[in-house]
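# Tertiary structure, described
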Amino acid sequence: MILSVKAKKHGSILALDGIHLNRSGDEPLYVQVAAAIRGRIQSGAMPGGSKLPATRDLALALTINRTTAVEAYRLLREDGWVRSGVGSGTFVVSRESEEEAPVTSRSGFWSSRMEDLPRPEHGRAQPVADAATIRLTSPTADPAAFPLQEFREVLDEIFRREGAGCLDYGPPDGYAPLREVLAERLARQGVQVDPPRILLTNGSQQGLELIFRLLVPQGRTLLIEEPTYQLALRTARALRLNVRAVGLDDEGLRLDALSRSLDETRAGMLYTMPVFQNPTGLTLSPERRTRLLALASERGLPIVEDHFDAELDYRGDAPPPLLAEGSPQNVVLLGTFSKILFPGLRVGWIVVPEPLIGPLSEMKVCADLSGGLLTQMALYEFCRRGLLDTHLSRIRERNAARLAAMLGALEAHMPSGVRWTRPTGGMCLWLHLPKGLDADELAGEALRRGVAVSAGTAFHTNGGGWDGLRLCFIREDEERIRAGIRQLALTIEDGIVRGHSRESEGAAAPIL
Ligand SMILES: Cc1ncc(COP(=O)(O)O)c(C=O)c1O
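So, here's what we can say about the structure. (Residues numbered from 1 in each chain as written. Predicted model: local features only at pLDDT ≥ 70, side-chain atom pairs only at ≥ 80, totals over all residues. Heavy atoms only, no water.)

### Quick look at the overall build of the protein
Inclusion rule: For helices the rule is a DSSP run of H or I covering at least 4 residues; for strands it is a run of E covering at least 2, with both sets numbered from the N terminus onward. Buried residues are those whose accessible area, probed at 1.4 Å on protein chains only, stays under 20% of the maximum for their type, while exposed residues exceed 50% and partly exposed ones sit between those limits. By definition, residues are in contact when any of their heavy atoms lie within 4.5 Å. Note on areas: Shrake-Rupley with a 1.4 Å probe; residue coverage comes only from the protein chains shown.
Counting its secondary structure elements, the protein contains 18 helices and 16 strands. By the burial criterion, 52% of the 512 residues in the protein qualify as buried. When contacts within the protein are restricted to residue pairs at least 6 apart in sequence, long-range pairs at least 24 apart make up 73% of them. Within the structure as shown, the protein displays about 22,900 Å² of accessible surface, and the carbon and sulfur contribution to it stands at 52%.

### Here we look at the pairing of strand 6 (residues 242–249)
Along a regular strand, successive side chains alternate from one face of the sheet to the other. Threshold: When DSSP finds two or more bridges between two strands, those strands count as paired. We call a crossover right-handed when, viewed with both strands directed away from the observer, the connection leading from the first strand over the helix to the second proceeds clockwise.
Where strand 5 (residues 221–226) meets strand 6, six bridges bridge the pair, whose relative direction is parallel. What sits directly across from Ile224, in strand 6, is Ala245. The β-α-β motif built from strand 5, the intervening helix 11 (residues 230–238) and the parallel element strand 6 has right-handed crossover chirality. As defined by bridge partners, strand 6 adjoins strand 7 (residues 252–253) across two bridges and the pair is classed as antiparallel.

### Here's the deal with a nonpolar patch on the surface
Stated precisely, the cut-off is as follows: What makes a patch is a set of residues exposed beyond 30% relative accessible area and free of salt bridges, joined within 9 Å when like-charged and within 5 Å when nonpolar (Val, Leu, Ile, Met, Phe, Trp, Tyr). In the sections that follow, a salt bridge refers to a side-chain nitrogen of Lys or Arg positioned within 4 Å of a carboxyl oxygen of Asp or Glu.
A surface patch of nonpolar side chains, amounting to about 390 Å² of accessible area, comprises Phe109, Trp110, Met114 and Leu117. Of note, Leu117 is situated in the loop between helix 7 (102–111) and strand 3 (134–135). Leu117 gets classed as partly exposed once you look at its relative accessible area, which sits at 37%.

### Quick word on empty space enclosed by the protein
The condition is simple: Grid points spaced at 1 Å and placed over the protein atoms alone form the basis of the search, with a cavity being a set where a 1.4 Å probe fits but cannot get out and a pocket an open set showing protein on both sides within 12 Å along at least five of seven lines. Lining residues have an atom within 4 Å of a point. Grid points are joined across faces, edges and corners, and a volume is the space filled by probe spheres set on the points.
Applying the stated criterion across every chain, the model contains three cavities of 30 Å³ or more. When its volume is computed, the largest cavity comes out at roughly 120 Å³. Counting only elements with at least two residues in the lining of the largest cavity, the list comes to helix 9 (176–188) and strand 10 (331–336). When residues of the lining of the largest cavity are assigned to their parent elements, the largest contribution, three residues, is made by helix 9.

### Looking at helix 5 (residues 66–78)
Under the convention used in this document: Here the expected length of a helix is defined as 1.5 Å per residue gap, with one fewer gap than residues.
With 13 residues, helix 5 extends 18 Å between its outermost C-alpha atoms, agreeing within 8% with the 18 Å of an ideal straight helix rising 1.5 Å per residue. Those residues of helix 5 that fall on the buried side of the exposure criterion are Thr68, Ala69, Glu71, Ala72, Tyr73, Arg74, Leu75 and Leu76. Looking at the residues trailing helix 5, positive phi occurs at Gly80, about 85 degrees.

### Here's the deal with the site of the ligand
Selection rule: Note on definitions. A residue lies near a molecule or strand when any single heavy atom of the residue is within 4 Å of it. Between N or O atoms, a polar contact is any pair within 3.5 Å; within protein, one atom must be a potential hydrogen donor and the other a potential acceptor, and residues adjacent in sequence are included only when both atoms are from side chains. Residues are grouped as follows: Ala, Val, Leu, Ile, Met, Phe, Trp, Tyr, Cys and Pro are nonpolar; Asp, Glu, Lys and Arg are charged; every other residue, Gly included, is polar.
As a matter of local geometry, the ligand sits amid 13 residues, with Ser204, Asp306, Thr336, Ser338 and Arg346 nearest to it. Take Thr336: an N or O atom from its side chain is 2.5 Å from an oxygen atom of the ligand. Residue Lys339 places a side-chain N or O atom 2.8 Å away from an oxygen atom belonging to the ligand. Coverage of the ligand by the protein chains reaches 92% of its 400 Å² of free accessible surface. Each residue belonging to the shell around the ligand can be placed in one class, and the counts come to four nonpolar, six polar and three charged.

### Details of the sheet that holds strand 13 (residues 428–432)
Sheet strands line up and pair through hydrogen bonds in the backbone, either parallel or antiparallel. Strand order in the open sheet made by the four strands is 12-13-16-15, with antiparallel pairing throughout. Of all the strands in the sheet, the pair left with one neighbour each is strand 12 (419–420) and strand 15 (454–455). Inspection of the sheet shows strand 15 paired to strand 16 (residues 468–472) by two bridges, in the antiparallel sense. Bridging from a neighbouring strand, Ala455 pairs with Leu469 of strand 16.

### Observations regarding the sheet that holds strand 7
Put simply, the test is: A fitted line through C-alpha atoms represents every axis, and for helices the fit uses only the stretch in contact; the resulting angles, taken between N-to-C directions, go from 0 to 180 degrees.
The mixed open sheet is built from eight strands, whose spatial order is 4-11-10-9-8-5-6-7. Looking at which strands have only one partner, the edges of the open sheet turn out to be strand 4 (198–201) and strand 7. Where strand 4 meets strand 11 (residues 348–351), four bridges bridge the pair, whose relative direction is antiparallel. Pairing of Thr201 across the sheet is with Gly348, part of strand 11. Contacting strand 4, strand 5, strand 8 (267–272), strand 9 (303–306), strand 10 and strand 11, helix 10 (residues 203–215) crosses the sheet at an angle of about 155 degrees to strand 10.

### So, the packing of helix 10 against helix 11
What counts is decided by this rule: For classification purposes, angles smaller than 35 degrees are called roughly parallel, those larger than 145 roughly antiparallel, those between 65 and 115 roughly perpendicular, and all remaining angles oblique. Crossing handedness: left-handed means the near helix sits turned counterclockwise from the far one by under a right angle, and right-handed means the same turn made clockwise.
One can describe the packing of helix 10 onto helix 11 by two numbers: an axis separation of 10 Å at closest approach and a directional angle of 40 degrees. Comparing the axis directions of helix 10 and helix 11 gives the class oblique. Relative to helix 11, helix 10 is oriented so that their crossing is right-handed. Residue-level contacts link Gln205, Leu208, Glu209 and Phe212 of helix 10 to Leu231, Ala232, Thr235 and Ala236 of helix 11. For the contact of helix 10 with helix 11, the per-class residue count stands at five nonpolar, two polar and one charged.

### What to know about the side chain of Gln376
Inspection of the secondary structure assignment puts Gln376 in helix 15 (residues 373–384). Residue classification places Gln376 among the buried residues on the basis of a relative accessible area of 5%. Among all residues touching Gln376, those that are not within four sequence positions of it are Gly174, Tyr175, Leu178, Leu200, Val347 and Gly371.

### Some remarks on the environment of Pro139
Residue placement: Pro139 occurs in the loop between strand 3 and helix 8 (148–162). A sequence separation of 140 residues divides Pro139 from Pro279, and the C-alpha atoms of the two residues are 9.1 Å apart.

### Section: the environment of Leu214
On the secondary structure map, Leu214 appears in helix 10. The partly exposed category is assigned to Leu214, whose relative accessible area is 21%. Counting along the chain gives 145 residues from Leu214 to Pro359, while the straight-line C-alpha distance between them is 8.2 Å. Residue contacts for Leu214: discarding those within four places in its chain leaves Leu356, Pro359, Leu360 and Met363.

### Brief notes about the pattern of salt bridges
Following the criterion strictly, the structure yields 29 salt bridges and no others. Between Glu264 and Arg244 there is a salt bridge, with the nearest N and O atoms lying 2.9 Å from each other. Separated by 20 residues along the polypeptide, Glu264 in helix 12 (residues 255–264) and Arg244 in strand 6 bring together distant segments of the chain. Through salt bridges that share partners, Glu157, Arg160, Arg161, Glu162, Glu381, Arg384 and Arg385 make up one connected network.

### Overview of the packing of aromatic side chains
The test is simple: Between 30 and 60 degrees the pair is tilted, below 30 it is stacked and above 60 it is edge-to-face, where a pair is any two Phe, Tyr or Trp rings, Trp via its six-membered ring, whose centres lie within 6.5 Å.
Per the stated rule, a full pass over the model turns up six aromatic pairs. Measuring from centroid to centroid gives 5.7 Å for Phe146 and Phe342, while their planes differ by 45 degrees, and the two rings are tilted. Of the two residues, Phe146 is situated in the loop between strand 3 and helix 8 and Phe342 in the loop between strand 10 and strand 11; the sequence distance between them amounts to 196 residues. Exposure remark for Phe342: the relative accessible area of 15% places this residue in the buried category. Their ring planes at 75 degrees and their centres at 6.0 Å tell us that Tyr175 and Tyr380 sit as a pair that is edge-to-face. Taken together, the residues Tyr175 in the loop between helix 8 and helix 9 and Tyr380 in helix 15 connect sequence positions 205 residues apart. We note that Tyr175, like Tyr380, is buried. Aromatic ring contacts, followed pair by pair, group Phe146, Phe151, Phe342 and Phe382 into a single cluster.

Right, dumping it as structure tokens:
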């Protein structure tokens with residue numbers, strides 16, 4: 001890596017000269033950067049006490065995103081290689097100071113055992129917002145819409161009817177009557193499946209983790225859409241899976257890229273969201289659906305379809321699950337009640353191919369022994385009384401108005417050069433920023449101005465996504481959505497103006 005002349009002025013950056021980053025590999029860039037710096041500390045090139053460059057300078061020097069630099073420093077800090085003082089910078093920890101500091105030396109005992117262990121990532125992706133902030137970050141329904149009263153009544157009924165039995169462990173694969181309800185609901189969507197093939201999980205997140213573990217063994221690669229669900233990426237990292245990203249375009253998953261990935265890797269499975277994808281809101285075109293199924297069957301590729309929000313269909317014409325297309329054997333379907341009811345239930349499900357029922361059931365028991373019997377019974381009763389369908393129509397109507405408000409405000413306020421997807425369902429859409437704007441910096445500035453949005457980098461591997469934002473429309477009401485988009489548009493406009501003026505001054509710094 002050749003460093004810029006400006007960056008070379010700093011001695012600390014000089015010590016980092018020669019760092020080579022593999023931008024097309026599977027290892028995240030921040031891990032590579034941290035490893036390179038750790039190597040220099042271990043070799044003595046950066047002795048104890050030396051100051052690391054500011055993250056902005058490091059980002060410029062290595063042509064990486066600022067967030068990547070921040071993440072690399074966090075990793076080094078957690079491993080005890082560096083320490084940071086508020087406002088004073090980041091320094092290499094010297095051996096003497098390590099011995100003096102009991103906390104660091106305590107973590108020193110574990111650090112040699114922790115090298116490859118996952119780091120907690122929750123709470124870091126989104127900057128902290130205060131109560132007044134307009135949250136366009138949350139892919140969760142507005143709690144004001146949760147059916148509190150109805151659910152309380154249903155719980156009362158379960159306690160009355162089942163007595164202490166509802167507080168016991170439940171069957172390992174889930175409460176049978178609820179699995180029957182699910183089989184009926186799936187049949188309405190064209191998926192014919194016997195209840196024994198439906199495994200209830202603690203949220204679809206658990207289903208996803210189990211399936212990743214089962215279908216992507218050592219030496220195989222997980223193919224994943226990019227951008228994708230952030231926790232799918234984090235799960236893959238936590239499980240230390242090889243990941244290969246397959247890009248999207250306006251019609252959804254790019255099959256040419258998928259085909260190339262199949263040629264170049266030993267794929268374990270493809271994880272995909274063909275309907276109202278998170279984070280883009282895109283739906284796979286009908287022609288691509290057919291071709292995807294044909295390609296996967298031809299190449300022996302298991303497809304895991306995450307159908308998490310497909311029932312949030314505001315026009316009533318969303319495609320059914322891929323399993324409805326002639327019950328292909330290679331498709332595993334994941335679903336959840338989190339988006340159509342509320343996430344605190346922690347009830348999701350997997351439609352499991354027959355041969356995998358035993359192995360998955362065993363993995364599930366080993367993971368959590370049982371799901372929550374009380375909630376599963378209550379959920380069954382909620383569905384039996386027809387309350388789920390009533391609730392679903394209510395929230396579809398509510399969310400549709402919010403989506404319309406967001407699309408209208410984008411049309412009215414966004415400067416030229418900004419593009420966005422136009423979903424007809426789901427929870428979010430994707431905004432492409434004009435050239436030169438940095439999504440992380442823009443999200444930071446928008447938050448200072450009272451609007452929280454998610455920078456695209458959170459949904460990409462290897463530091464991509466700096467030119468996109470995810471905007472969620474189901475949490476806030478129409479008025480606040482309009483106000484939020486107006487403010488976001490002003491932030492983008494200011495960013496464009498500043499970018500132009502910096503360009504004319506000849507500076508290469510990122511704008512905002
Ligand atoms: C794409 C996707 N899949 C799965 C989940 C997990 O949902 P849960 O575990 O609550 O069912 C989410 C949550 O936001 C999601 O966005």
